[in-house]
Amino acid sequence: MGFARTCSVALVGVEGVVVEVQADLEPGVASFALVGLPDKSLVESRDRVRAAVSNSGAPWPQRKLTVGLSPASVPKAGSGFDLAVASAVLGAAECIDPRVLADLVMVGELGLDGRVRPVRGVLPAVLAAADAGYRQVVVPECSAAEASLVPGVAVLGVRSLRQLIAVLTDAPVPEEEPDDPGRPEPALAGLLLPGEGFVGGLTARPGHREHQPDLADVVGQRTARTAMEIAAAGGHHVYLQGPPGAGKTMLAERLPTLLPPLTRAESLEVTAIHSVAGVLPADRPLVEHPPYCAPHHSSTMQALVGGGRGTARPGAVSLAHRGVLFLDECAEFGGHVLDALRQPLESGRVVIARSAGAVRMPATFTMVLAANPCPCGRFGQRGAGCECPSSVVRRYQARLSGPLLDRVDLRVRVEAVTRAELAAVGERGESTRTVAERVRGARERAAARYADTPWRTNGQVPGHELRTRWRAGPGALDEAEQRLEQGLLTARGLDRVLRVAWTVADLAGHDRPDAADAALALQLRTGTAVGRPRVLGGR
């Protein structure tokens, strides 16, 4: 009787669970049983592993073979267990020393010819292995750069099972022809389109800043530019309403460039999510800048918040973690789809319940909503000739529920650009670099203020803390409190006005918000100016 064991990792949401892969050989009729709560794709690994072992020149044991995946209570899915199953079988057959396999974690899919193919979620798998105390992992060669992002773990990248057998038996390592770098990766076939980042209708740009658009390209829209700056500095959500062609999409696309680069811990967190989703570029294994995700308005609830059949996968809100989620034509989204955003907007994570348990995925993002004022987009425009009946306009604008809009800090009316603004020479607004520098300074002031707390931006601080621990200036909230008494502002709305006022104060360099800071926050919250309209920055 032969026995060997090694380890692999099962992904539960965006987190990994180390699984022990055990192989046992007994006398009897040749068979191959796989136990331990595997799904259909994992059950099929029996045929892949048998063909890969035979085509790698190793003998397949002609005895009763049982492969167990422990703990058996954890659901296991995908083809990432192939490499560990093949190694455990060869260890039980004494082709490899079982003692060498015991301390290894292996992640990879096997082709029928023995080549090791990449799989999703290599980074969270290696992070889970490191947390469990393992210090040696084996991954596909093309995923070695991604796995090497985890400190303190020795990574072995292999192209084929033959190479792995040679390394573990101290034999000469055979040469394997590398894959053509221009050939599409079969593991991602049907998930990515050439040149884009489409995953189930989601557009994700995970973090490179070459040829990024400049905020100076936006003509006019001083109030909307101010709202974008405040949103970037404090992590506030924005609602842009205006006619087509006014620049709503341009403003949203430039918001990620105003955000500061991700820290090392944030980069690993975001990279793990994109790795599980299968949208991590091969040439950029680490996401260093805030991502930008813009799902189409026909996206389902599962595409937006995550889920799907079988193992729950990250949705748009998780792909936009630490970045920007842009919902263009938000009034065209299904009402139940938009209302599903309430939980992640409040808690910063998504909890998806399944019969086997609940999956938690991070979803801390800055949301930008954009909508036309009516189906034709010309309502309220002088001389535009809107033909939509008033009842149609009311129904269209009511598609965004009150509870959802109550969670949006900044509401801006984006006006149509005039001919004079387009023809103006030398009247460009501030560049992204200038505004981003102010945002960085404001974030540093907020981080210093919240140094001993779990919060880092004003948008994360509970209203109770701002009212008791960090008070605004005398009389700063008088107008907002009057709106609360009149029923024009909710208690949550008052807290959000206070949060935005702190962000305005940080951008202006004030020690605490004064009446002018609170007036601008109230103006951006309600859409009506209080006193003289104010904007931040220069032209």
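Scroll up for the structure.
My aim in this report is to walk through the structure given alongside it, one point at a time. (Residues numbered from 1 in each chain as written. Predicted model: local features only at pLDDT ≥ 70, side-chain atom pairs only at ≥ 80, totals over all residues. Heavy atoms only, no water.)

**Thoughts on the overall build of the protein chain**
Of regular secondary structure, the protein chain possesses 22 helices and 18 strands. Taking the principal axes of the C-alpha coordinates as reference, the protein chain spans close to 90 × 50 × 45 Å. Relative to its 539 residues, the protein chain shows a buried fraction of 51%. Taking as baseline every contact in the protein chain between residues at least 6 positions apart, the subset at least 24 positions apart corresponds to 72%. Within the structure as shown, the protein chain displays about 24000 Å² of accessible surface, and the carbon and sulfur contribution to it stands at 51%. The distance from the centre of the 60 positive side-chain charges to the centre of the 58 negative ones in the protein chain is 5 Å. (Helix = DSSP H or I, 4+ residues; strand = E, 2+ residues; numbered from the N terminus. Buried < 20%, exposed > 50% of the residue type's maximum accessible area, 1.4 Å probe, protein only. Contact = heavy atoms within 4.5 Å. Areas by Shrake-Rupley, 256 points an atom, 1.4 Å probe, with all protein chains shown as cover. Lys, Arg positive; Asp, Glu negative; His and termini not counted. Charge placed at Lys NZ, Arg CZ, Asp CG, Glu CD.)

**Considerations on unusual backbone geometry**
Of note, the amide linkage connecting Ser70 to Pro71 takes the cis form, showing an omega dihedral of 5 degrees. Of note, the phi angle at Asp170 is positive, near 60 degrees, even though the residue is not glycine. Tracing the sequence through the fold places Asp170 in the loop between helix H7 (161-168) and strand S10 (198-199).

**Here we look at the packing of helix H8 (residues 222-234) against helix H18 (residues 432-449)**
One can describe the packing of H8 onto H18 by two numbers: an axis separation of 8 Å at closest approach and a directional angle of 40 degrees. The hand of the H8/H18 crossing is right-handed. Residues Glu229, Ala232 and Ala233 of H8 form the contact with H18, whose participating residues are Val435, Arg438, Val439, Ala442 and Arg443. Residue composition of the contact of H8 with H18, by class: five nonpolar, no polar and three charged. (Axes fitted to C-alpha atoms, helices over the stretch in contact; angles between N-to-C directions. Left-handed = near helix turned anticlockwise from the far one by under 90°. Nonpolar A, V, L, I, M, F, W, Y, C, P; charged D, E, K, R; others polar.)

**Focus on the pattern of salt bridges**
Taken as a whole and judged by the stated rule, the model has 25 salt bridges. The partner of Asp82 in a salt bridge is Arg48, with the nearest N and O atoms 2.7 Å apart. Here the residue Asp82 occupies a position in helix H3 (residues 82-92), and Arg48 occupies one in helix H2 (residues 45-55), the gap between them amounting to 34 residues. Exposure remark for Asp82: the relative accessible area of 0% places this residue in the buried category. Its relative accessible area of 15% is what places Arg48 among the buried residues. Residue Glu415 is joined to Arg413 by a salt bridge in which the shortest nitrogen-to-oxygen separation is 3.6 Å. (Salt bridge = Lys/Arg side-chain N within 4 Å of Asp/Glu carboxyl O.)

**Considerations on the packing of aromatic side chains**
Each aromatic ring pair is characterised by the separation of its centres together with the angle its planes make. This structure, assessed with the given rule, holds three aromatic pairs. Pairing Tyr450 with Trp470 gives two aromatic rings, centres 4.9 Å apart and planes at 80 degrees, and the pair type is edge-to-face. Placement of the pair is Tyr450 in the loop between H18 and helix H19 (463-468) and Trp470 in the loop between H19 and helix H20 (478-485), with a sequence separation of 20 residues. Accessibility classification places Tyr450 together with Trp470 in one group, the buried group. (Phe/Tyr/Trp six-rings, centres within 6.5 Å; stacked < 30°, edge-to-face > 60°.)

**Here's the deal with H3**
The element H3 is largely enclosed, with a buried count of eleven among its eleven residues. Along H3, the residues that are buried comprise Asp82, Leu83, Ala84, Val85, Ala86, Ser87, Ala88, Val89, Leu90, Gly91 and Ala92. Backbone geometry just after H3 places Glu94 at a positive phi near 65 degrees.

**Section: the nonpolar core**
Counting 53 residues, the largest nonpolar core has Ile230, Leu240 and Leu410 as its most contacted members. Looking at which element gives the most residues to this core, the answer is helix H21 (residues 491-508), with eight residues. Core analysis: the next-biggest nonpolar cluster, separate from the first, contains 39 residues, Val19, Phe32, Val67 and Ala88 among them. (Core = buried A, V, L, I, M, F, W, Y, C linked by side-chain atoms within 4.5 Å.)

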